[in-house]
Amino acid sequence: MSEINEQRVCIKFCLKLGKNATETYTLIKTAFGDDSLSRSVIFEWFKRFKDGRQSTEDDPRSGRPSISRNDDVVVNIYEKVRNDRRLTVRELANEAGISIGSCHEILTENLQMRRVAAKFVPRLLTSEQKENRLTICKDLKNRSADINFIKNIITGDETWVYGYDPETKLQSSQWKTKFSPRPKKADIKTMLIVFF
């Protein structure tokens, strides 16, 4: 129970004990100190309970209905994110015509998504490159039966080549659900090249 609601219950209790509004204000001020309701609010709630009100909860308010978090907007945001997971909250909000805060709430609360950066992996290989590596390893293994094979190996020098990664961590980040895999990108900043 919130402290405000608790004080309203105390006001109702004091009324049932036969206290007047001034006595009720004094008791509330003594019990809650600086956190107590103001004199005018205590007198207002005392009058409401005296007039027959039973509930200590606030009355429902007729506010402006939210147009930004309805089902149509949520579906629209979901479709936009599925088409391009790298869109920012600002870009999504502008495209949907809603505020940035509402767009962020839709993504995090309604769609249960979060923004994650791509994880660096040493190198992303295509299936063709993987098959090529496998073939070369099998060939080397088959040749190892030859006694002179070791004598034919030429060793070389290694060189580090520094590359430029045009994509920043922020640029590589994208929206994902808790069940989708984390995005990956190749770390091309440094690659080891071996010369034979």
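As the structure is a prediction and not an experimental result, all values here were calculated from the model.

A. Representation of the nonpolar core in the model. In terms of nonpolar packing, the biggest core is built from 15 residues, with Ile77, Leu92, Cys103 and Leu107 touching the most fellow members. Listed by contribution, the elements that provide at least two residues to this core are helix H4 (71-83), helix H5 (89-96) and helix H6 (100-110). It is H4 that provides the largest number of residues to this core, a total of four residues. Among all residues touching Leu107, those that are not within four sequence positions of it are Ile77, Val81, Val89, Leu92, Gln112, Met113 and Trp175. By size, the runner-up hydrophobic cluster in this structure holds nine residues, among which are Ile11, Trp45, Phe46 and Phe49.

B. Representation of H4 in the model. Between the first and last C-alpha of H4 there are 18 Å, a value that for 13 residues agrees with the 18 Å anticipated at 1.5 Å per step. Taken as a whole, H4 has its buried residues at Val73, Val74, Ile77 and Val81. In a view along the axis of H4, the buried residues occupy a sector of 100 degrees, so they form one face of it. Facing away from the buried side of H4, by more than 90 degrees, are the exposed residues Asp71, Asp72, Arg82 and Asn83.

C. Structural context of the pattern of salt bridges. All chains considered together, the criterion is met by four salt bridges. When the shortest N-O distance is used, the salt bridge between Arg8 and Asp58 registers 2.9 Å. Within this pair, whereas Arg8 is found in helix H1 (residues 3-16), its partner Asp58 is found in the loop between helix H3 (39-50) and H4, the two being separated by 50 residues in sequence.

D. Region of interest: a positive patch on the surface. Residues Arg114, Lys119, Lys130, Lys169, Arg182 and Lys184 make up a contiguous surface patch of positive charge. Within the secondary structure, Arg114 is located in strand E1 (residues 113-116).

E. Unusual backbone geometry, seen in detail. One non-glycine residue, Gln112, adopts positive backbone phi at about 55 degrees. By secondary structure assignment, the location of Gln112 is in the loop between H6 and E1.

F. Representation of the packing of H4 against H5 in the model. Two numbers describe how H4 lies on H5: the axes approach to 10 Å, and their chain directions differ by 130 degrees. Put simply, H4 runs oblique to H5. Classified by chirality, the crossing of H5 by H4 is right-handed. When H4 is examined against H5, the residues Asn76, Ile77, Lys80 and Val81 are found in contact with a partner set consisting of Leu92, Glu95 and Ala96. When the residues that make up the contact of H4 with H5 are grouped by side-chain class, the tally is four nonpolar, one polar and two charged.

Cut-offs applied
Residues numbered from 1 in each chain as written. Predicted model: local features only at pLDDT ≥ 70, side-chain atom pairs only at ≥ 80, totals over all residues. Heavy atoms only, no water. Core = buried A, V, L, I, M, F, W, Y, C linked by side-chain atoms within 4.5 Å. Buried < 20%, exposed > 50% of the residue type's maximum accessible area, 1.4 Å probe, protein only. Helix = DSSP H or I, 4+ residues; strand = E, 2+ residues; numbered from the N terminus. Contact = heavy atoms within 4.5 Å. Expected span 1.5 Å × (residues − 1). Arc of directions from axis to C-beta. Salt bridge = Lys/Arg side-chain N within 4 Å of Asp/Glu carboxyl O. Patch = residues over 30% accessible without salt bridge, like charges linked within 9 Å, V, L, I, M, F, W, Y side chains within 5 Å. Areas by Shrake-Rupley, 256 points an atom, 1.4 Å probe, with all protein chains shown as cover. Lys, Arg positive; Asp, Glu negative; His and termini not counted. Charge placed at Lys NZ, Arg CZ, Asp CG, Glu CD. Axes fitted to C-alpha atoms, helices over the stretch in contact; angles between N-to-C directions. Parallel < 35°, antiparallel > 145°, perpendicular 65-115°, else oblique. Left-handed = near helix turned anticlockwise from the far one by under 90°. Nonpolar A, V, L, I, M, F, W, Y, C, P; charged D, E, K, R; others polar.

Worth remembering: the numbers are spatial, not functional.
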